[in-house]
Structures are given as C-alpha cells and as structure tokens.
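Listed here are the chains, written in short residue letters.
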Amino acid sequence: MDPWQDAMDHAVAVARRAGTLVRDAVQKDMKVMLKSSSVDLVTQTDQKVENLIIQSVTEKFPTHCFIGEESVAAGEACLLTDQPTWIVDPVDGTTNFVHGYPFVAVSIGFTVNKQLEFGVVYSCLEDKMYTGRKGRGSFCNGLSLQVSSQKDITQSMVATEFGSNRDPEVVDKIFCSMRRILCLPVHGMRGAGSAALNMCHVAAGSVEVYYETGIHCWDVAAAGVIVTEAGGLLMDVDGGPFDLMSRRVVAVNCQIIGDRVVKQIECFSPQRDDEG
Ligand code: LIP
C-alpha cells in the first residue's frame, strides 16, 4: 500500500482543474505584472491557480505544508522541512503563457523528509499529464517514459534557457556555456520556456540533457521525480549532487553526458531559495 497514493491522485485531479483555468485564460486579455525584473512576469492566473491548488489540498490534507511560487513572491518563507510538503508552480512558463507560446505547465511536487516522493507536471495547452512516483516509474498520459539511451554528447540534443536575469555579466556566462556546448558540437540546442517541460522532455527521451542556473525549487521539484523515475539523473551544474534549494540543475539521461556537459558550464550562484 502506497502511503502517498491519495495525495498523488489528488495532485493529478487538481492539476487538471488548474489546467482548465490556464487554457481558458490564455484566450483572453490578461493583466501582466512584474516580479524580480522587467522580464520576470506574473499574471492574475498564476495567483488564481496557486490559490485553487492550495485551497483544495488544504481541505483534504490540512496538516501538509506548502511552498508556492506566488506565496513566496508575496512574502512567505521558502523553507523545506521534514513535513509532507507540496511544492507548487501554478504556471511554469509564464512568459510563454503571456505570449500564447504553447509550453505552459502546472507543476506540483511533493516531498516528505525533504525527499521528493512524487511529481505531477500538466502541460495544459498540449493536454499532456506527466507523472512520476518514487520507485514506480514515470508516465505521460499513462504511457511509461524512458530517457534516451544515447551516451555520446555529440549525438545529443541539449535544452537550456536564458532565464530572467538580464545582468550583462550573468548573460555573458550563459552565452559562454551555450557557445561551448554548441561547439562540442551537439546536434542542437532547444529551450521550451518551461523548466518543468524541459525536464519532462529529458524523461521522454527527446532531449538528452537540460541545465539551467536561476530556476527555483518549484520549477524543478515535480519534474525531478519524473526524470529520475524515467532512468535519468539530477546533478548540480558543477557536477556535484543536486540540491533542490540551490537554484541550479542538470537533468540528464546518463552520467557520461552529464559529466561532459558540466565541464562546459560557467558556474554562478544566485541567492538560494531558502535564503530569500
Ligand atoms: C520559468 C522557468 C524558465 C526559466 C525562468 C523561470 P516561471 O518559470 O520555467 O525555464 O528560464 O527563469 O524560472 O517563472 O514561468 O514559473
């Protein structure tokens, strides 16, 4: 008997309801607001979806804790404890959402004792429900996922993002890493505009590796389980162990490609999520 099956079923159901809200809103005029910078966008839909998820989960699991992107933006602490914790990004890919670019996801991760137990990523506009449960595999619309078996970086597709920091020194580092990786050479570089969906693409085998510095725990918690349960691994951008609060991630199909990619990455360390 899985102690968290009920919670996971609830996460899938609420992600579907949230997805309907997102799909309805994408057709309409929306008010766009700014967060950390003029390119870090937020809409009323982000806030509405987060409230829907928190309210519905609280009714069913009143003792559980939350880390939610918009709640943290509104001043709540971002501290991971041993308690069962829902880590929520109501709209991952907000810039895509604002522009009607079709990769927009509701991301719900769940930890107990600081360990990721399950993840649900619903790509609302594509109607793809990605799920991963520790020890039980990962799936997209019910079909089992498996990472690519490729071991050669020069035969690989690499995903990354520019992020929302436009400090020229940071942008230089991002371009420097991209240039090095592109010139290995690799088959191609892509970015879906959603960290969660980039990671689901690693799980599904359509890209071998995704890396980014500057993401937050709510961007990667859910998809982290989906990647590892599809046979992939998570690393830090310096090759060390993945740390959910560090704002750095490499999600990769195998150690060989991971080791090769991290050698090309210019590391930098944004303020940690738990030091905000
Ligand atoms: C976004 C990510 C995107 C990343 C941005 C941002 P949001 O999440 O999914 O890949 O480059 O920095 O974190 O803000 O749309 O939830």
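Right above here is the structure, for reference.
The text that follows walks through the structure, step by step, so that each part is easy to find.

Conventions we followed
- Residues numbered from 1 in each chain as written.
- Predicted model: local features only at pLDDT ≥ 70, side-chain atom pairs only at ≥ 80, totals over all residues.
- Heavy atoms only, no water.
- 1 Å grid on protein atoms, 1.4 Å probe; cavity = no way out; pocket = protein on both sides within 12 Å on 5 of 7 lines; lining within 4 Å.
- Points joined across faces, edges and corners; volume = space filled by probe spheres on them.
- Helix = DSSP H or I, 4+ residues; strand = E, 2+ residues; numbered from the N terminus.
- Nonpolar A, V, L, I, M, F, W, Y, C, P; charged D, E, K, R; others polar.
- Pairing = 2+ DSSP bridges.
- Axes fitted to C-alpha atoms, helices over the stretch in contact; angles between N-to-C directions.
- Contact = heavy atoms within 4.5 Å.
- Domains from an automatic or database assignment.
- Buried < 20%, exposed > 50% of the residue type's maximum accessible area, 1.4 Å probe, protein only.
- Arc of directions from axis to C-beta.
- Phe/Tyr/Trp six-rings, centres within 6.5 Å; stacked < 30°, edge-to-face > 60°.
- Expected span 1.5 Å × (residues − 1).
- Polar contact = N/O pair within 3.5 Å; in protein donor to acceptor, adjacent residues only side chain to side chain.

As enumerated under the stated definition, the model contains one cavity of 30 Å³ or more in all. What the largest cavity holds in volume is close to 100 Å³. Taken together, 13 residues line the largest cavity, and the ones lying closest to its centre are I174, Y211, E212, T213 and F268. If you list the elements that add at least two residues to the lining of the largest cavity, you get α5 (168-182) and β12 (209-213). Residue composition of the lining of the largest cavity, by class: five nonpolar, four polar and four charged.

Our next topic: the sheet that holds strand β13 (residues 233-235). Read from one edge to the other, the open sheet built from five strands follows the order β11-β10-β12-β14-β13, with strand pairing classed as mixed. Lying at the two open borders of the sheet, with one neighbouring strand each, are β11 (188-190) and β13. The sheet shows a mean angle of 20° between the axes of neighbouring strands, direction not considered. Here three bridges tie strand β10 (residues 157-159) to β11, and the two strands are oriented parallel to one another. When the sheet's bridge partners are listed, A159 is paired in β11 with R190. Against the sheet, helix α8 (residues 255-262) contacts β12, β13 and β14 (248-252), and its axis sits at roughly 25° relative to β13.

Estimates place the volume of the largest pocket at around 1,200 Å³. In terms of lining residues, the largest pocket is bounded by 47 residues, among which D40, S164, G214, H216 and D219 are the most central. Breaking the lining of the largest pocket down by element, the ones donating at least two residues are α3 (69-73), β4 (85-92), α4 (94-99), α5, β12 and α7 (217-229). Along the lines of polarity and charge, the residues of the lining of the largest pocket split into 16 nonpolar, 16 polar and 15 charged. Residue assignment places the lining of the largest pocket across two domains, with domain 1 (5-144) and domain 2 (153-275) each supplying three or more. Space inside the second largest pocket adds up to approximately 200 Å³.

Turning next to α8. Taken together, the buried positions of α8 are occupied by I257, G258, V261 and V262. The buried side chains of α8 occupy one side of the element, clustering within an arc of 125° when seen end-on. Where α8 is buried, its residues contact α5, β12, β13 and β14.

Here we come to the packing of aromatic side chains. Going through the model one piece at a time under the given rule, you end up with seven aromatic pairs. Ring geometry for F61 and W86: centres 5.9 Å apart, planes at 35°, overall tilted. One end of the pair, F61, is in the loop between α2 (44-60) and β3 (65-68); the other, W86, is in strand β4, with 25 residues separating them in the sequence. Ring geometry for Y101 versus F103: centroids 6.1 Å apart, planes at 65°, classification edge-to-face. Overall, Y101 belongs to the partly exposed group, its relative accessible area being 44%. The class of F103 is partly exposed, set by a relative accessible area of 22%. Among the aromatic residues, ring-to-ring pairing joins W4, F61, W86, F110 and F118 into one connected group.

Before going further, it helps to examine the pairing of strand β5 (residues 105-112). Here β5 lies mainly inside the structure; eight of its eight residues are buried. The side-chain alternation of β5 yields two buried faces, one formed by A105, S107, G109 and T111 and the other by V106, I108, F110 and V112. Inspection of the sheet shows β5 paired to strand β6 (residues 115-123) by eight bridges, in the antiparallel sense. Bridging across to β6, V112 finds its partner in Q115. Linkage of β5 to β6, two consecutive antiparallel strands, is achieved through a turn of two residues, within which N113 is found at a positive phi near 55°.

For α5, spanning 15 residues, the distance from its first C-alpha to its last is 20 Å, which sits close to the expected 21 Å at 1.5 Å a residue. Listed as buried for α5 are V170, I174, S177, M178 and I181. Projected down its long axis, α5 carries its buried residues within an arc of 95°, all on one side. Residues of α5 that are exposed and angled more than 90 degrees away from the buried face: P168, E169, D172 and R179. Buried residues belonging to α5 abut β10, β11, β12 and α8. Taking the backbone nitrogen of E169 as reference, a side-chain oxygen 3.0 Å away marks D167 as the first, capping residue of α5.

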